[in-house]
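Remarks on the overall topology
Here is how the chains run, residue by residue.
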Amino acid sequence: MAATTFFKLNTGALIPAIGLGTWQSPQGEVKRAVSHALQVGYRHIDCAWVYGNEDEVGQGLKEAFAAGVKREDVFITTKLWCTYHSRAEENLEKSLKSLGVDYVDLYLMHWPCPMNPHGNDPKFPKLPDGTRDLDKSWTHIQTWLGLEKLLQTGKVKAIGVSNYSVKFLEELLQHATITPAVNQIENHPYLPQQEIVDFCKNKGIHISAYSPLGSTGSPLFKDDVIQSIASKHSVSVGTILLSYHVARGSSVLPKSVTPSRIEENFKIVDLKEEEMKELEAIHKNKGLSRFVYPAFGVNFGFPDKQ
């Protein structure tokens, strides 16, 4: 089980190794998923305003708290969306209200990409030509300085970033007073992102892995190397993929609304050094695959996208 595995952030706080992801979780099923996860031992829930399901996450939290789970034992992450970069506290308040909590343990800048706060859509504004309506009067550095101020309110215990490359982090750290506690990135054996993982480790920034199983119908589940390691341990391919991150010192965010899968995703195994080497070599043979890359029209500095 992963219940006793934690990593220490640069704030001194502990982040549980396995968290329940809620991105793309179907409407009507999120409440039960969150409540069930917490009642079987999860202590880390990852959400975001832009997912559009924080009301249901809040209902799940309420149910779990009523069943005896303590708020102070649960690590809750949510994220600032791109259209709110210049209004961080306003977006945070929306999340806190939906989640039914007074504070979150971690508040992340979802993407370093300010969008027009007064565009034709509250989440995904577009220009007449169909391209994303970006706010070029604002920078991700200004956004970060706004997040630093939020720490003084007590409504966030830690702040961090998401989808940051080395290039963007180097820019940010030149101006930051507070080093991000976390960088949440897409991460799996087909996209190890070793350059940003190593950079963050050097700077004391914890890596949290989203989409650890790849996409729906992911080729990771059919990979012969991963299947072979899973067979040796008599566990599922998913268990190996999640264990890979914990072995790397990263927290990991599998998402599911199925109770049995939620429980399965909470199990990790100790991988041997040679097994980790096999997993880390996969992308060298199969190539890199990034499954999440929104059409924002921004070069985020990812080496695989240059």
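From a predicted model like this one, the values you see are computed outputs, not experimental measurements.

Criteria and thresholds
- Residues numbered from 1 in each chain as written.
- Predicted model: local features only at pLDDT ≥ 70, side-chain atom pairs only at ≥ 80, totals over all residues.
- Heavy atoms only, no water.
- Salt bridge = Lys/Arg side-chain N within 4 Å of Asp/Glu carboxyl O.
- Buried < 20%, exposed > 50% of the residue type's maximum accessible area, 1.4 Å probe, protein only.
- Helix = DSSP H or I, 4+ residues; strand = E, 2+ residues; numbered from the N terminus.
- Core = buried A, V, L, I, M, F, W, Y, C linked by side-chain atoms within 4.5 Å.
- Contact = heavy atoms within 4.5 Å.
- 1 Å grid on protein atoms, 1.4 Å probe; cavity = no way out; pocket = protein on both sides within 12 Å on 5 of 7 lines; lining within 4 Å.
- Points joined across faces, edges and corners; volume = space filled by probe spheres on them.
- Nonpolar A, V, L, I, M, F, W, Y, C, P; charged D, E, K, R; others polar.
- Polar contact = N/O pair within 3.5 Å; in protein donor to acceptor, adjacent residues only side chain to side chain.
- Phe/Tyr/Trp six-rings, centres within 6.5 Å; stacked < 30°, edge-to-face > 60°.

**Re the pattern of salt bridges**
- Under the defined criterion, the tally for this structure stands at 11 salt bridges.
- Here Glu 90 ties to Arg 87 by a salt bridge, and the two come within 3.5 Å at their closest N and O atoms.
- Residue class for Glu 90 comes out partly exposed when judged on its relative accessible area of 39%.
- Since its relative accessible area comes to 21%, Arg 87 is described here as partly exposed.
- Between Asp 223 and Lys 286 there is a salt bridge, with its nearest N and O atoms 2.7 Å apart. With a gap of 63 residues between them, Asp 223 in the loop between strand 9 (206-210) and helix 7 (224-233) and Lys 286 in helix 10 (residues 273-286) connect regions that are remote in the sequence.
- The class for Asp 223 is buried, based on a relative accessible area of 2%.
- A residue is classified by how much of its surface remains accessible, and Lys 286, at 46% relative accessible area, is partly exposed.

**Here we look at the nonpolar core**
- Counting 92 residues, the largest nonpolar core has Leu 61, Val 104, Trp 111, Leu 147, Leu 169 and Leu 279 as the members making the most contacts within it.
- Broken down by element, this core gets its largest block of residues, six residues, from helix 8 (residues 237-247).
- Ignoring any residue separated from it by four or fewer positions in sequence, one finds Leu 61 in contact with Val 34, Leu 38, Ile 45, Ile 76, Leu 99 and Val 101.

**A closer look at the layout of surface pockets**
- If you add up the space inside the largest pocket, you get close to 540 Å³.
- As for the largest pocket, its lining consists of 25 residues, of which Leu 213, Gly 214, Ser 215, Thr 216 and Lys 255 are closest to the centre.
- Where the lining of the largest pocket is concerned, the elements lending two or more residues are helix 8 and helix 9 (259-264).
- Its residues assigned to classes, the lining of the largest pocket comprises 11 nonpolar, 11 polar and three charged.
- A volume near 330 Å³ is recorded for the second largest pocket.
- Lining the second largest pocket are 21 residues, and of these Trp 23, Tyr 51, His 110, Tyr 210 and Val 292 sit closest to its centre.

**Digging into the side chain of His 85**
- Position of His 85 among the secondary structure elements: in the loop between strand 5 (75-80) and helix 3 (88-99).
- You can call His 85 buried: its relative accessible area is 4%.
- Among the polar contacts made by the side chain of His 85, one reaches the main-chain carbonyl oxygen of Trp 111 at a distance of 3.2 Å.
- Beyond its immediate sequence surroundings of up to four residues, His 85 is in contact with Leu 80, Met 109, Trp 111, Pro 112, Cys 113, Pro 114, Trp 138 and Thr 143.

**Some thoughts on the environment of Pro 254**
- In this structure, Pro 254 sits in the loop between strand 10 (251-252) and helix 9.
- For the pair Pro 254 and Asn 120, spaced 134 residues apart in the sequence, the C-alpha separation amounts to 33 Å.
- When sequence neighbours within four positions are dropped, the list of residues in contact with Pro 254 reads Ile 18, Gly 19, Leu 20, Gly 21, Pro 212, Leu 242 and Asn 265.

**Brief notes about the packing of aromatic side chains**
- Taken as a whole and judged by the stated rule, the model has 12 aromatic pairs.
- Between Tyr 42 and Phe 266, the ring centres sit 4.5 Å apart and the planes meet at 25 degrees, which makes this aromatic pair stacked. Here Tyr 42, found in the loop between helix 1 (30-39) and strand 4 (44-46), pairs with Phe 266, found in the loop between helix 9 and helix 10; they are 224 residues apart in sequence, far enough to count as distant.
- Using a relative accessible area of 0% as the deciding quantity, one classes Tyr 42 as buried.
- Ring centres of Phe 168 and Phe 300 lie 6.1 Å apart, and the angle between their planes is 45 degrees; this geometry places the pair in the tilted category.

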